[in-house]
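Observations on the three-dimensional arrangement
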Amino acid sequence: MPQSSDHPFVHEVFRRQGLTLPSERLAALTHTAVKLSAASRTLEERLSMSADIFGFLTALRSSVPPSATPSSDVPGDKR
Amino acid sequence: MTPSELGTLSATALAAAIRAGDVTAEQAVRTALTRAEAVTAATNAVVSLDGSEALAEARAIDAARRRGAFPRGALTGVPLAHKDMFNRIGQIATWGARIRPMTPATRDATVIGRLKAAGSVTIGALHMAEFAFSITGHNEFLGDCRNPFSPDHIPGGSSSGSATAVASGVIPFSLGSDTGGSIRVPAACCGLYGLRPTWGLISRAGALPLAPSLDAIGPLARNVGDIALALSLLAGADPDDATAHAPGADYLGALTSSVKGMRVGYDRKLLERVDPDIARLMDRALAILVETGAVAVEVTLPDLRELDRYAQLVQFAEATAYHAVWMRDRPQDYSNPVRSLLEHGYAIPATDYIQALRARPLVLEDWLRGPFRHADVLFLPVMTGPVPTLAETAADRVLITAIGSLLHFNRPLAYLGLPALCLPTARDRKGMPNGFQLLGRPYAEPALLSIGQAYQNRVGVPKPVISPRP
């Protein structure tokens, strides 16, 4: 598991917030942060400048319209 | 009609009985209050009851009937209660926490206002996890909530009181909220239907936030019809919540739509990873869906663990930001588990959080062009195992495997913002409920309701647990 000293960002954030945590707790949080940052790196590889934080709402609203009926391309479904 | 019979009625049926004069609103409300007291003695499902006010409202409805002026409304006289996270005029919500609002609410949350406008009578407020930040139903400030089927087991959280009260027949449906499974898990643990709607379909104005980019408010009920009824009353734009948006949809009409040929996608490898007894229940549930006329199609789902990391980036960063002031000034007023969870957000750089938000449309597209290309709805378990006991998920073991079992299929899907309907399976080999979920495309709630109703037509409506064991 990484130590908090391996990830000075985490240590510094807690210092600025005025929060004091035991070193083993800081190490655990660092471990999670490292894991989540790695996931963020994989996302970054796919992001263009046009990807903004409001795009999700647009994506939801422009996706498939509501339908209570099955897909029309099902064999034998004449609707 | 006996009190026990009243406790079995759906909201639709109870409203019809009151409208027809077969039951008075006062009888309905008094029965719910009496039952709430008995149920909470066994389960701790109720935080507070507003008996006097509720009975006064009910008598006013009955008096209006006698004057020939019965109020129009789909829920006139129907007693309801919800997770104690919604603003209600004149009330201070507990938020399941020691830290609470400083003053009584001056306005109702939008969802509470809409249910009141439909004529419902609010009888009180229900148990929830501290700040809605636990999936189990433990709460060191309110006391733990217990599963109505077995007091040694969790009811699921964070909408623990909602699930317990509905499963016990106190009320026909109840509102909960779901950030990482908080509607679906309690619904599964208590043998109910529960809908996490498309993100933004139902206004969140006046509700306690946890992580607003993931938060969704939705109903838990004993039958699909009440889910549809609640949705028909709650979905839609709201000037107080800019994200609220609902395309026109006939939720009640969807209940009678055919599901013949509807494609239900399932990932065999995913189902092989759950507890064998639960896998058996999943196989049976999938077979029942096929019996309704749906078609099971095998699909491959993207990696849920990676998806869960994206969800965690959003959830922890937002939750910690919302709690930053209290975390600094009143850290001692949080339970250890919730404070520990909130500490995670500090360790997430803003850039990582923003990348997770920017990437959401791309990841959503992966799912729409991937498994949803071959399926109309996707079939997933809600939990990887049986309902855990309170001891297995106790506060000092909060990060252990049992919690992972509850989050595994739920928090990742919240990142997608897609609607998910939890449906009850048969009981497991120990007699406990369980559930599966059907995930739909954006705003595909009508499709979920159609197949949910078809499933319910095959398996029947779950009966309320009328006499929970003390």
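Everything below is about the structure printed above this text.
**Points about the layout of surface pockets**
Residues and elements named next belong to chain B. Its volume calculated, the second largest pocket comes out at about 270 Å³. Residue lining of the second largest pocket: 18 residues in total, with Gly191, Pro424, Thr425, Arg427 and Pro462 positioned closest to the centre. Looking at the lining of the second largest pocket, its residues break down into 12 nonpolar, three polar and three charged.

**A few points about empty space enclosed by the protein**
Residue and element names in this part refer to chain B. This structure, assessed with the given rule, holds two cavities of 30 Å³ or more. Of the pockets and cavities examined, the largest cavity occupies roughly 90 Å³. Lining the largest cavity we find 14 residues, and of these Leu6, Gly7, Leu14, Gly169 and Val170 sit closest to its centre. Top element by residues in the lining of the largest cavity is helix 3 (residues 25–43). It accounts for four residues. Of the residues in the lining of the largest cavity, the class split is nine nonpolar, three polar and two charged. One number sums up the size of the second largest cavity: a volume of about 40 Å³. Looking at the second largest cavity, the residues that line it are His82, Lys83, Asp84, Phe86, Arg88, Ile112, Gly124 and Ala125. At the level of elements, strand 2 (79–83) and strand 3 (121–126) are the ones that each hand at least two residues to the lining of the second largest cavity. Among the residues making up the lining of the second largest cavity, the classes are represented as three nonpolar, two polar and three charged.

**A closer look at a nonpolar patch on the surface**
On the surface, Ile53 and Phe54 of chain A together with Ile354 of chain B cluster together into a nonpolar patch covering about 290 Å² of accessible area. Looking at the element boundaries, Ile354 of chain B is found in helix 13 (residues 350–358). Residue Ile354 of chain B is classed as partly exposed on the basis of its relative accessible area, which comes to 37%.

**Focus on the interface of chain A and chain B**
Between chain A and chain B, the contact holds 45 residues from the first and 56 residues from the second. Summing both partners gives a buried area of about 4200 Å² for chain A against chain B, and 64% of it is carried by carbon and sulfur. Considering only the surface of chain A that becomes buried against chain B, Leu36, Phe56 and Leu60 of chain A emerge as the three largest contributors, covering 15% of it. If you look at where chain A meets chain B, you find three salt bridges. Put simply, Arg41 of chain A and Asp352 of chain B hold a salt bridge, and the shortest N to O gap is 2.5 Å. At the level of elements, helix 1 (8–17), helix 2 (23–44) and helix 3 (55–61) of chain A are the ones that each hand at least two residues to the side of chain A that touches chain B.

**Digging into the pattern of salt bridges**
Enumeration over the complete set of coordinates arrives at 26 salt bridges over all chains. For the salt bridge of Glu12 of chain A with Arg15 of chain A, the shortest nitrogen-to-oxygen distance reads 2.8 Å. With Glu12 of chain A and Arg15 of chain A both in helix 1 and three residues apart, the pair spans about one turn of that helix. Between Asp178 of chain B and Arg196 of chain B there is a salt bridge, and its shortest N-O distance comes to 3.2 Å. A residue pair is termed long-range when its members are at least 10 positions apart, and Asp178 of chain B in strand 4 (residues 173–178) and Arg196 of chain B in strand 5 (residues 193–196) qualify at 18 residues. Accessibility classification places Asp178 of chain B together with Arg196 of chain B in one group, the buried group.

**A word on the sheet that holds strand 10 (residues 420–424) of chain B**
Consider a sheet: its strands pair through backbone hydrogen bonds, and that pairing is either parallel or antiparallel. Residues and elements named next belong to chain B. The sheet built from eight strands is open, its strands ordered 4-6-5-10-11-9-7-8 with mixed pairing. Single-partner strands in this sheet number two, and they are strand 4 and strand 8 (295–298). When strand polarity is set aside, the average angle formed by the axes of neighbouring strands in this sheet is 25 degrees. Sheet topology note: the strand 5/strand 6 (residues 216–221) ladder contains two bridges and is antiparallel. Residue pairing across strands places Gly194 opposite Leu220, the latter belonging to strand 6.

**Describing the sheet that holds strand 1 (residues 46–49) of chain B**
Residues and elements named next belong to chain B. Pairing is mixed across the open sheet formed by three strands, whose spatial order is 1-3-2. Among the strands making up the open sheet, the edge pair consists of strand 1 and strand 2. Geometrically, the sheet is characterised by an average inter-axis angle of 35 degrees between neighbouring strands, direction not taken into account. Note: strand 1 against strand 3, three bridges, orientation antiparallel. Within the sheet, the bridge partner assigned to Ser48 lies in strand 3 and is Ala125. In the packing of helix 3 onto the sheet, contacts are made with strand 1, strand 2 and strand 3, and the angle to strand 1 comes to roughly 140 degrees.

**Considerations on the nonpolar core**
Residue and element names in this part refer to chain B. Grouped together as the largest cluster of nonpolar side chains are 181 residues, with contacts concentrated most on Trp367, Phe379 and Leu438. Sort the elements by how many residues they give to this core and helix 11 (residues 304–329) lands first, with 11 residues. With residues near it in sequence (within four places) discarded, Leu438 still touches Val264, Leu289, Val377, Leu378, Phe379, Pro419, Ala420, Leu421, Leu423, Leu448 and Ile451.

**Some details on the environment of Leu286 of chain B**
Summarising the element assignment, Leu286 of chain B is placed in helix 10 (residues 276–291). For the pair Leu286 of chain B and Tyr266 of chain B, spaced 20 residues apart in sequence, the C-alpha to C-alpha distance is 8.7 Å.

**Some words on the pairing of strand 7 (residues 263–266) of chain B**
Residue and element names in this part refer to chain B. Going residue by residue along strand 7, you find Arg263 and Gly265 tucked away on one face and Val264 and Tyr266 tucked away on the opposite face as well. Where strand 7 and strand 8 come together, four bridges link them in parallel fashion. Opposite Val264, over in strand 8, you have Ala296 as the bridge partner. As defined by bridge partners, strand 7 adjoins strand 9 (residues 377–381) across three bridges and the pair is classed as parallel. The partner of Gly265 across the bridge, within strand 9, is Leu378.

**Remarks on the packing of aromatic side chains**
All names here are of chain B. In total, this model carries 10 aromatic pairs over all chains according to the counting rule given. Taking 4.9 Å as the distance between ring centres and 25 degrees as the angle between the ring planes, the aromatic pair formed by Phe379 and Phe436 counts as stacked. With Phe379 in strand 9 and Phe436 in strand 11 (residues 435–440), this pair connects stretches of sequence that are 57 residues apart. The residues Phe379 and Phe436 share a single accessibility class, namely buried. Summarising the aromatic geometry, the rings of Phe436 and Tyr455 are spaced 5.1 Å apart at their centres and angled 75 degrees between planes, so their arrangement reads as edge-to-face. Taken together, the positions of Phe436 in strand 11 and Tyr455 in helix 18 (residues 445–459) put the pair 19 residues apart, joining distant regions of the chain. Here Tyr455 falls in the buried class, since its relative accessible area comes to 2%. Ring pairs connect the aromatic residues Trp95, Phe131, Trp326 and Tyr334, which therefore count as one cluster. In this structure, Arg65 packs its charged tip against the face of Phe70, placed 4.6 Å from the ring centre. Residue placement shows Arg360 over the ring face of Tyr415; its charged tip is 5.4 Å from the ring centre.

Reading the values: the criteria
Residues numbered from 1 in each chain as written. Chains lettered and ligands numbered in written order. Predicted model: local features only at pLDDT ≥ 70, side-chain atom pairs only at ≥ 80, totals over all residues. Heavy atoms only, no water. 1 Å grid on protein atoms, 1.4 Å probe; cavity = no way out; pocket = protein on both sides within 12 Å on 5 of 7 lines; lining within 4 Å. Points joined across faces, edges and corners; volume = space filled by probe spheres on them. Nonpolar A, V, L, I, M, F, W, Y, C, P; charged D, E, K, R; others polar. Helix = DSSP H or I, 4+ residues; strand = E, 2+ residues; numbered from the N terminus. Patch = residues over 30% accessible without salt bridge, like charges linked within 9 Å, V, L, I, M, F, W, Y side chains within 5 Å. Areas by Shrake-Rupley, 256 points an atom, 1.4 Å probe, with all protein chains shown as cover. Salt bridge = Lys/Arg side-chain N within 4 Å of Asp/Glu carboxyl O. Buried < 20%, exposed > 50% of the residue type's maximum accessible area, 1.4 Å probe, protein only. Contact = heavy atoms within 4.5 Å. Buried area = accessible area lost by both parts, 1.4 Å probe. Pairing = 2+ DSSP bridges. Axes fitted to C-alpha atoms, helices over the stretch in contact; angles between N-to-C directions. Core = buried A, V, L, I, M, F, W, Y, C linked by side-chain atoms within 4.5 Å. Phe/Tyr/Trp six-rings, centres within 6.5 Å; stacked < 30°, edge-to-face > 60°. Lys NZ or Arg CZ within 6 Å of the ring centre and 35° of its normal.

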